[in-house]
Amino acid sequence: MTVFLVRHAHAGSRSRWTGDDALRPLSDRGHEQANGIVDVIGDAPLGHVLSSPYVRCMETVVPLAAARSVAIEPTEALAEGADFPGVLALITKHADAGAVLCTHGDIIPAVLAALARRGVAVDPSARSPKGCTWVLDTDPMGEVTRVRYVPPPAAGGTDDDS
């Protein structure tokens, strides 16, 4: 099966947001990217859509969850600053049904590094811009066997904001 690890779509500049960062929503460009993620996932089997409870992550997977009639399951294990072992456990737990896990830019590199330490081939120069997807193929035990990168859906602009 396959698990898709998604970085939330564009949410504007962290430094320009004056409220609680957990409440920072997607920008217009981010909403375009979120809609594009539906096509990225395509018709892959999908039993679960899990997300960081941060608004920008939840909004990123709303179009996909709606298209698939699957509820979004918020989990602190995907929140900014969470420990990567919790994400690895979610990957293993949900691999049998297929899943999308939406998280943050600090989590994805830690997960990829952990997978590389386990012997999974991961491009060491890999980046994780907003809206990108990492396709994690798993074996029957839920262990990741292959990692592939899918760039963010085109929505214009750059992704140098946090």
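Please refer to the structure placed before this passage.
For the structure given in this document, a descriptive report is provided here. Every chain begins its residue count from 1, and numbering advances along the sequence as written. Two thresholds apply to this predicted model, a pLDDT of at least 70 for residue-level local features and 80 or more for giving and counting side-chain atom pairs, whereas whole-chain, interface and lining totals are computed over all residues. Values reported for side chains reflect all heavy atoms of the structure, with hydrogen atoms and water molecules removed beforehand.

**Some thoughts on the sheet that holds strand β6 (residues 144–150)**
And then number 1: Two strands are counted as paired when DSSP detects at least two bridges linking them. A run of H or I in DSSP counts as a helix once it spans at least four residues, and a run of E counts as a strand once it spans at least two, with each numbered from the N terminus. Across the sheet, six strands lie side by side as β3-β2-β4-β1-β5-β6; this open sheet has mixed pairing. At either end of the open sheet lies a strand with only one pairing partner, and these are β3 (72–74) and β6. If you compare each strand with its neighbour and ignore which way they point, the axes differ by 20° on average.
And then number 2: Where strand β1 (residues 2–7) and strand β5 (residues 133–138) come together, five bridges link them in antiparallel fashion. Pairing of Thr2 across the sheet is with Asp137, part of β5.
And then number 3: Together, β1, β4 (99–103), β5 and β6 form the strand contacts of helix α4 (residues 107–117), whose direction differs from that of β1 by roughly 140°. Only the stretch in contact is used when fitting a helix axis, every axis being a line fitted to C-alpha atoms; angles between N-to-C directions are given from 0 to 180 degrees. Note on definitions: a residue-residue contact is assigned when non-hydrogen atoms from the two residues lie within 4.5 Å.

**Here's the deal with the pairing of β6**
And then number 1: Pairing geometry for β5 and β6, over six bridges, is antiparallel. Of the residues in β6, the one forming a bridge with Thr133 is Val150.
And then number 2: Here β5 folds back onto β6 in antiparallel fashion, the turn holding five residues, of which Gly142 has a positive phi close to 90°.

**Regarding α4**
And then number 1: Working definition: with a 1.4 Å probe on protein chains only, accessible area under 20% of the residue-type maximum means buried, over 50% means exposed, and in between means partly exposed. Burial in α4 covers these residues: Ile107, Ile108, Val111, Leu112, Ala114 and Leu115. Taken down its axis, α4 places every buried residue within 160° of arc, on the same side.
And then number 2: Structurally, α4 contributes buried residues whose contacts are with β1, α3 (84–94), β4, β5 and β6.
And then number 3: Just beyond α4, the residue with positive phi is Gly119, at close to 100°. By arc we mean the arc of the directions from the helix axis to the C-beta atoms, nothing more.

**Topic: the nonpolar core**
Generally speaking, nonpolar side chains in soluble globular proteins are found buried as a group.
And then number 1: Only buried residues count toward a nonpolar core. Its members are Ala, Val, Leu, Ile, Met, Phe, Trp, Tyr and Cys residues joined through side-chain atoms within 4.5 Å. Formed by 24 residues in total, the largest nonpolar core has its most connected members in Ile91, Leu101, Leu115, Leu136 and Val147.
And then number 2: Breaking this core down by element, the ones donating at least two residues are β1, α3, β4, α4, β5 and β6.
And then number 3: The contacts of Val147, once residues within four sequence positions are left out, are Leu112, Leu115, Val120, Ala121, Val122, Trp134, Val135 and Leu136.
And then number 4: Residues Phe4, Val61, Cys102 and Val135 belong to the second largest nonpolar core, which totals 14 residues.

Any link to function would need more than the numbers given here.
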